[in-house]
Structure formats: C-alpha cells, structure tokens
Amino acid sequence: MDNRLIASSSPHIRSDETVSRIMLDVIIALLPATLASVYFFKLNAFMLIALSVASAVATEAIFQKARKKPITINDLSAVVTGLLVAFNIPASAPWWIPVIGSAFAIAIVKQFFGGLGHNFMNPALAARAMLLASWPTIMTDWVKPGVDAVTTSTPLAILKGQAEGTLPSLTDMLLGNVGGSLGETSAILLIIGGIYLLYRGVINWRIPFTYIGTVAVIMLAFGGGVENTAYHLLAGGLMLGAFFMATDYSSSPVTRKGQIIFGIGAGLLTAIIRLKGGYPEGVSYSILLMNIVAPLIDKYTSPKVFGEVKQNA
Amino acid sequence: MNLKSFTFKGGIHPPHYKRYSEKAEIEKAEEPKVVIIPMQQHIGAPCEPIVKVGDKVKVGQKIGEAKAFVSAPVHSSVSGLVKKVSSMDTPTGSGVMCITIESDGLNEIHENVKPKGDIEKLTKEEIIEIVKEAGITGQGGAGFPTHVKLSPPPDKRIDTVILNGAECEPFLTADHRLMLEHPEKVVYGLRALMKAVGVNKGYIGIENNKPDAISAMVKAAEKDSDIEVISLVAKYPQGDEKRLINAATGRVVPSGGLPMDVGVIVNNVGTAYSIANAIQIGMPLVERIVTVTGSAINTPKNLMVKIGTPFKDIIAQCGGFKEAPGKIIMGGPMMGLAQFTDEVPVIKGTSGILVLNEKEAKIPEPNPCIRCGKCVYICPVNLQPLFISQLSLKGQYDDTQRYHVLDCIECGSCSFVCPSKRPLLQSIKVAKKEVLAKRRKAN
C-alpha cells in the first residue's frame, strides 16, 4: 500500500475553478451581445461570427500541432478571441476578413509570444488594428442594422463632424440599433455581460469603472455637455473595451493599484483620441497603448507587504 | 451569542469539511501495544535519549533530555519496556532518533507526576519551569517549544496573551471539540500563561463557524473579566498567528518579526489544555487530541491519543480505510505534511490524520498562468505569488527577494485559488529554501 501514497507538498486541496470555466463565463457574458448583433445585422453577422471563431480555434490547433505542443483548444480561450475579433468587424465585411483577423490574433499576437497568458497585447484588438491598417475601407464600411445593408456613419463620426447624417436617438444607442462594429453597438447588453463577469468574479470593478469614469469626466468637462457625454459613453466600443478588452488578464496589470492606473490611462487616451485625434473612435488604440505599459505599471505598483518596515540604509 | 466578528485582509474560503468529525465527542484511543517516541517533535534542537534498551519506564517519565534552550524534553506515554533506541521515520522527517517502548498495559504513573499546586501561589518562574519540564510545545502544528515563547528578552514588553482557537484548517475539529468539552481547562491554561508573562489581558479567538465553542468558552471565562472571547470571521488562514493578532488587537507584526515585537504571545488552545494538565495533575505532554478524518476514513473521530502511537493503529480504530488511500496527511489539507507511510507515530504537533482518496490525492496537471491576479488579491501577506513562482521555476532565486519571498507564511492560499492549478506555493517554498541556504553560507 505504501508505494501508492502520494507525498506532495501542501496545499492538498484546490478550488474547483478552472481556466475553461473562466473562459466559458466570458462566452456566456458575450452571448447577449452576440445574439443582438445577429438580430440587427442578420445572416451576414452570423456568418462572420462563426467564421471568426472557427478560424481562431483552427489556427490555435494547427499552430500547436505544428509545434508539437499539447493542443489546448479545450480551454475555450481561442473561442473568446474569435468572438471578440468578430465583434470588432463591420457587418458588411467579406468572409475572409474575420478569417484573417482571427488567424493573426491567435498565431501572431498570442502563440508567437508564448500562448495563453503571454500575449502582451489583447489579440482581438491587435487584429482589429491590423485589419484597419490593411483594409481601411472595408473596416469602416458601416451599415445600418437590417437586411438592406444601407451604408451609414457611426454616431461617433457624426459627433465628430467627420460624417454627414443625424445622430440616432440615445435609446437606439443603448439597444444597439445603430451603425458600428458587430458587437459594439448594444451598450446595454454589453453592460449586462459585464455585470455577469463582475458577479462571477472573473473581472473586478477597477479597470472598467475607472476607464468609463475617466471618459465620462473628461467628456463632461471638454466634450460638450451632458448629451454628448451620453453619446460618447454609449457609442463605439467603450463598453466592449472596458468590460471585455481592457480586462484581458495577460495584457493588463495584476496589482490593484496598477489596474486603477491602467483604467484611468486608457480613459484619458480614449478621450484625447476622440476629441483631438484623427480617428472618431479611440478605444482600441488606447487599450493597445496601455497594454504596452502594463508590465511597467505592475513593476511600480507592487503592493506593500504586510508589516513591511522601511529598511535603514 | 451576537459577537461582532473580526478578521484580516485577504484570505480564502475553502470548503470547511468539518461535518465529518465535528459532532464526534473526544474518545480515548485504545491502549497502544508499542509506541515510537521521536526525540525531535518540535522546532529546535533534538533531545538526547536518557533511557536505554531494556529499561523499564512509566507514564510521564522523562526519556529524552533537552540540552539546548530551544528544545523540549520528551516523556514516555506508556509504562513498559524500552525495546529499541534507533533512527526511524517520523511525520516530520526520516532518520530521527526514536525510542520504541513496548507497553505493559498497566499504565503505571511515574512518581514525578503530581499536582504542582495552585497557580495563584506559583511564581512566574515556577510556571515557566513547569511548562518546560512538561515538554510542552505548540500544538497548532509548527511545534515551537512553549517555554521559549514565555521567556522574551527583557526589552520586549508583553501585554497580551492570545489563545488560538480559530482552527481555520478545513477538516480539523480537535480544537473545536476541546473547547466544547474542556473549556475550563483551556481558561485555566490561559490564566497560567498570563501569569507566566505577567499580563492581564487575555483573548481567545474562535472562528464564527463554531458558535457552540464560542458560547462554551464565553461561559467558562465568565468570571475572568480580563479574558475576552472574540469571534473571528471563518476565513483561511485566520489561525495564522500574525493574522490572529491583527484581527484581535489591530496590531501589525513587522515583516520578519515575531508576535513579541508587538507585545503579544500566541498559543494554541490545545497548548493551554496541556499546560493546565501539567499544573493540575503534573502530567507532562504525553497525549493529545487528534482528528482522524477524510473521505477515505470509515468512521471519522476525535481521539485522545498517546504520543508515539503509530498512525495505522489510529486509522484501524476509525474503521480503517473506506477506500484505497491516496494521501495520508499529518495536519490539515492546507498546510499539513503528506506522509510516505502509515507507520509513523503521532507526535506533539499531530492535530489531525487526514486521509484523502485516490481521486482527491491526484496532483492536478498545471496549465499556463493566465495572470488572472487571484493569487495577488488573496495573499494575506500582500505578496505577488505569480511573479515569485515564475522566477523560482526559472531558478532565479535571488530575484525572488525583490518580491519579498521570505515573508511568505506558506499558507497555500495562492495554490488553492489558482485556476490554472499552478504549483505556486510549492515553487515559492523552493525559492525560500534556496535564499535562506545562501544567506547561511554567506554568514
């Protein structure tokens, strides 16, 4: 009998939380917004989302197989990336856009840097930036929700005066009945998903609240009043970015203080890009920029150890 | 009872698993036929055997003499014949000098075992001497000789004694049962401790998942206005002494310091019980309460066990194994020591014998760190386990000091919460060992 005893170091019990459960929670949280985008943008949305997820999972499997590493698609992290890439694509995009985007996100941004937990940027946002730089017309060809795919402008572009048109009502903005990327249109459903993640303890309040709060404060002060601020909060990818992108574990700080700095930083950059920059939308670039400084933020925000005393030099 | 519950920052909420044994009254274990008594059951220097093969010994007779200050003598728990004085396996290590005694079943008490008188009449020094001679060591797990704690250097002013009845380790119920069944002895032990260090403030800290123990202790301490029972939030590691001090008094023991640095001495409730016995009856520490529990034990129990009784005898008295054992642990599941065999003896620090089945014992396959930060949020010492572990796994032990590796209290909370099942504490322990070894070499 003795030979069969396991004598390992403590602790001897583990919580039942797993990586795949966390990823499943993110997928559950994204589900309402996913369904809404299919509702608003019909079959093309469904096709783009399906292709994006399939491409992400396939790329992960092929890459790991080629490198003779264990295939980890069961952890569902590639599904999450695929969903988020699709969320960043306009409904009118051709089928190969999400395929290339997700393949880039998984192969270049995630696996080249060591796979799960090692990507220094949010893969989906990096893919969006790549697609936007490579196919700018396709990536900004916004359509009105509905079957006829009438070309329209995003509320932010109208707000900025870069495009003609009338602003949609705030109710439509909240529900998502506006032009924009697939997943970023319905603020309310994204918020519901975010609340679910907070409730499940997958994310904490620090990054999303400081991020959205910073944007709100700056827009109130410099963005032209309460109504404009409301548009800024509900439009574009702010909710998607704040709850689902900026909170990406591997590309954001792990310290409490660091997360607050990260959220405020992303909020500042978003507001500056939207108010002063050349793009109407600033969420993706502000998060990507903050991703790059996240390790530095972590380094300088190490928590004070319990009972830490100043050493006499 | 409606006490406000106190606590500390951080920590985790593992399942309690106490229902297996919390209702089981303390039973006297069967008389062991043979006891194996290690000469080292505590932190500090080992004892030297003072009996030889063929000697006849009695219950309470000293058989191992402590030569160093940080050490505690060892006594026989049975009467009978010394069979062997040899190096054997013990729960805390292999190759420890042990005295094997065959019991004659008569339990003849040694003539030195007699009541030491009233604590009111004993002086501080006399109490400390009684504690020392009775071989009393901390019974929460680490096993630090108690008389050393009671002899702080003169520049440390002690004003508070805290008894630790938190029992935050899942599964264990020995302290719980002790407080329910012998609360007056615990209070007596606390009064002796308070007298020994000359303080008039005593606390008994108990987690609020044991309301019956809290009521029992409050009742037992009713007449002592200087003893206060405090309810603690049931959260792991509430029973860590620095967390306990923080919860009870709000004081923060400095990093690298000892409780005495903030004027506090902490002892386990089991230790207080042993001190009461040492004064009232004069019996040294020769038996203790052990929780025998876990999914692979047929009838979980709380047993009063003689020191030196082999684990397998105890397990047999609890109906043996329900299914094939995967892991036998001395202590609780968070900080306990996994054993290679069930032939090791119960020692002074054996708070529990926990047997997990093969499924629970399986070491989970680690996945990559996803940097979720959970280990950072729950660390009761505010460390960043993910970074320390990362450096340790790469062999960069020196760099782990930048992340205060030596402040780790090894509570295991980080490994517990990790969704990737990474060996966080396991690798941090390696780094600690390497850093300390290097420091010793340098000195």
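Residues numbered from 1 in each chain as written. Chains lettered and ligands numbered in written order. Predicted model: local features only at pLDDT ≥ 70, side-chain atom pairs only at ≥ 80, totals over all residues.

## Remarks on the overall build of chain A
- Looking only at helices and strands, chain A features 13 helices and zero strands.
- Starting at the N terminus and ending at the C terminus, chain A contains elements arranged as α-α-α-α-α-α-α-α-α-α-α-α-α.
- Expected size for 313 residues packed as a compact globule is a radius of gyration near 20 Å; at 21 Å, chain A falls within 12% of this value.
- With the C-alpha coordinates of chain A rotated into their principal frame, the extents come out at 75 × 50 × 30 Å.
- Looking at chain A as a whole, 50% of its 313 residues are labelled buried. (Helix = DSSP H or I, 4+ residues; strand = E, 2+ residues; numbered from the N terminus. Rg over C-alpha atoms; globule rule 2.2 N^0.38 Å. Buried ≥ 20, exposed ≤ 12 C-beta atoms within 10 Å, placed from the backbone.)

## Thoughts on the packing of helix 3 (residues 174-181) of chain B against helix 7 (residues 269-280) of chain B
All names here are of chain B.
- Contact pair helix 3 / helix 7: the axes reach a minimum separation of 9 Å and the direction vectors enclose 50°. Taken together, the axis directions place helix 3 and helix 7 in an arrangement best described as oblique. For the pair helix 3 and helix 7, the sense of crossing is left-handed. Every residue of helix 7 that contacts helix 3 at Ala-174, Asp-175, Leu-178 and Met-179 is listed here: Val-269, Gly-270 and Tyr-273.
- Among the residues making up the contact of helix 3 with helix 7, the classes are represented as five nonpolar, one polar and one charged. (Axes fitted to C-alpha atoms, helices over the stretch in contact; angles between N-to-C directions. Parallel < 35°, antiparallel > 145°, perpendicular 65-115°, else oblique. Left-handed = near helix turned anticlockwise from the far one by under 90°. Contact = placed C-beta atoms within 7 Å. Nonpolar A, V, L, I, M, F, W, Y, C, P; charged D, E, K, R; others polar.)

## Describing helix 9 (residues 206-222) of chain A
Residues and elements named next belong to chain A.
- Here helix 9 spans 24 Å end to end across 17 residues, near enough to the 24 Å set by a 1.5 Å rise per residue.
- Those residues of helix 9 lying buried are Arg-206, Ile-207, Pro-208, Thr-210, Tyr-211, Ile-212, Thr-214, Val-215 and Met-219.
- Positive phi appears at Gly-224, one or two residues downstream of helix 9, with a value of about 95°. (Expected span 1.5 Å × (residues − 1).)

## So, the packing of helix 9 of chain A against helix 11 (residues 238-245) of chain A
Residues and elements named next belong to chain A.
- Following both chains from N to C, one finds helix 9 and helix 11 inclined at 155°, their axes separated by 8 Å at the closest point. In this view, helix 9 runs roughly antiparallel relative to helix 11, as classed from their interaxial angle. The interaxial crossing formed by helix 9 with helix 11 has right-handed handedness. In this structure, helix 9 uses Pro-208, Tyr-211, Ile-212 and Val-215 to contact helix 11, whose residues at the interface are Leu-238, Ala-242 and Phe-243.

## Topic: the interface of chain B and chain A
- Across the boundary between the two partners, chain B contributes 50 residues, which contact 31 residues of chain A.
- Looking at the side of chain B that touches chain A, the elements with two or more residues in it are strand 16 (325-330), strand 17 (337-339), helix 12 (413-417) and helix 13 (424-442) of chain B.
- If you tally residues by element for the side of chain B that touches chain A, the top one is strand 16 of chain B, at five residues.
- For the side of chain B that touches chain A, the class distribution of residues is 30 nonpolar, 15 polar and five charged.

## Looking at the domain arrangement of chain B
- Domain assignment breaks chain B into domain 1 (5-22 + 114-280) and domain 2 (374-442).
- Classifying every residue of the side of domain 1 of chain B that touches domain 2 of chain B by side-chain character gives five nonpolar, three polar and two charged. (Domains from an automatic or database assignment.)

## A few points about the environment of Ile73(A)
Residue and element names in this part refer to chain A.
- Positionally, Ile-73 belongs in the loop between helix 1 (19-66) and helix 2 (77-87).
- Taking the C-beta count within 10 Å as the criterion, Ile-73 has 15 such neighbours and is therefore assigned partly exposed.
- Discounting chain neighbours no more than four positions away, the residues touching Ile-73 are Val-57, Glu-60, Ala-61 and Ala-78.

## Side note on the sheet that holds strand 9 (residues 93-103) of chain B
All names here are of chain B.
- Spatially, 3-9-8-5 is the arrangement adopted by the four strands of the open sheet, whose pairing is antiparallel. A strand with exactly one partner marks an edge of an open sheet, and here the two such strands are strand 3 (34-38) and strand 5 (56-57).
- Sheet topology note: the strand 3/strand 9 ladder contains five bridges and is antiparallel. Pairing of Pro-38 across the sheet is with Cys-98, part of strand 9. (Pairing = 2+ DSSP bridges.)

## A short note on the nonpolar core
- One finds Val186(B), Leu190(B), Met217(B), Ile314(B) and Ile353(B) to be the most contacted residues of the largest nonpolar core, which totals 219 residues.
- The leading source of residues in this core is helix 1 of chain A, at 16 residues.
- Counting contributing residues, this core receives three or more from each of domain 1 (5-22 + 114-280) and domain 2 (374-442) of chain B.
- With near-sequence residues (within four places) excluded, Ile314(B) lies in contact with Ala29(B), Val290(B), Val292(B), Leu303(B), Val305(B), Thr309(B), Val346(B) and Ile353(B). (Core = buried A, V, L, I, M, F, W, Y, C linked by C-beta atoms within 7 Å.)

## A few points about the sheet that holds strand 6 (residues 62-65) of chain B
All names here are of chain B.
- The strand order across the open sheet formed by three strands is 4-6-7, and the pairing between neighbours is antiparallel. Pairing within the sheet leaves two strands with one partner each, and these edge strands are strand 4 (48-49) and strand 7 (74-75).
- With two bridges joining them, strand 4 and strand 6 adopt antiparallel strand pairing. Each bridged residue has a counterpart across the sheet, and for Pro-49 the counterpart in strand 6 is Gly-64.

## Observations concerning helix 1 (residues 124-133) of chain B
Residue and element names in this part refer to chain B.
- By the burial criterion, the buried members of helix 1 are Ile-127, Ile-128, Ile-130, Val-131 and Lys-132.
- Check the buried side of helix 1 and you find it contacts helix 2 (146-149), helix 4 (183-197) and helix 7.
- Trailing helix 1 by a residue or two, Gly-135 shows a phi angle of about 65°, which is positive.

## Concerning the confidence of the model for chain A
- For chain A, the average pLDDT comes to 90, and 96% of its residues sit at 70 or higher.
- Averaged pLDDT values for the elements of chain A fall to 78 in helix 6 (residues 155-160) of chain A and rise to 97 in helix 3 (residues 96-111) of chain A. (pLDDT = per-residue confidence, 0-100.)

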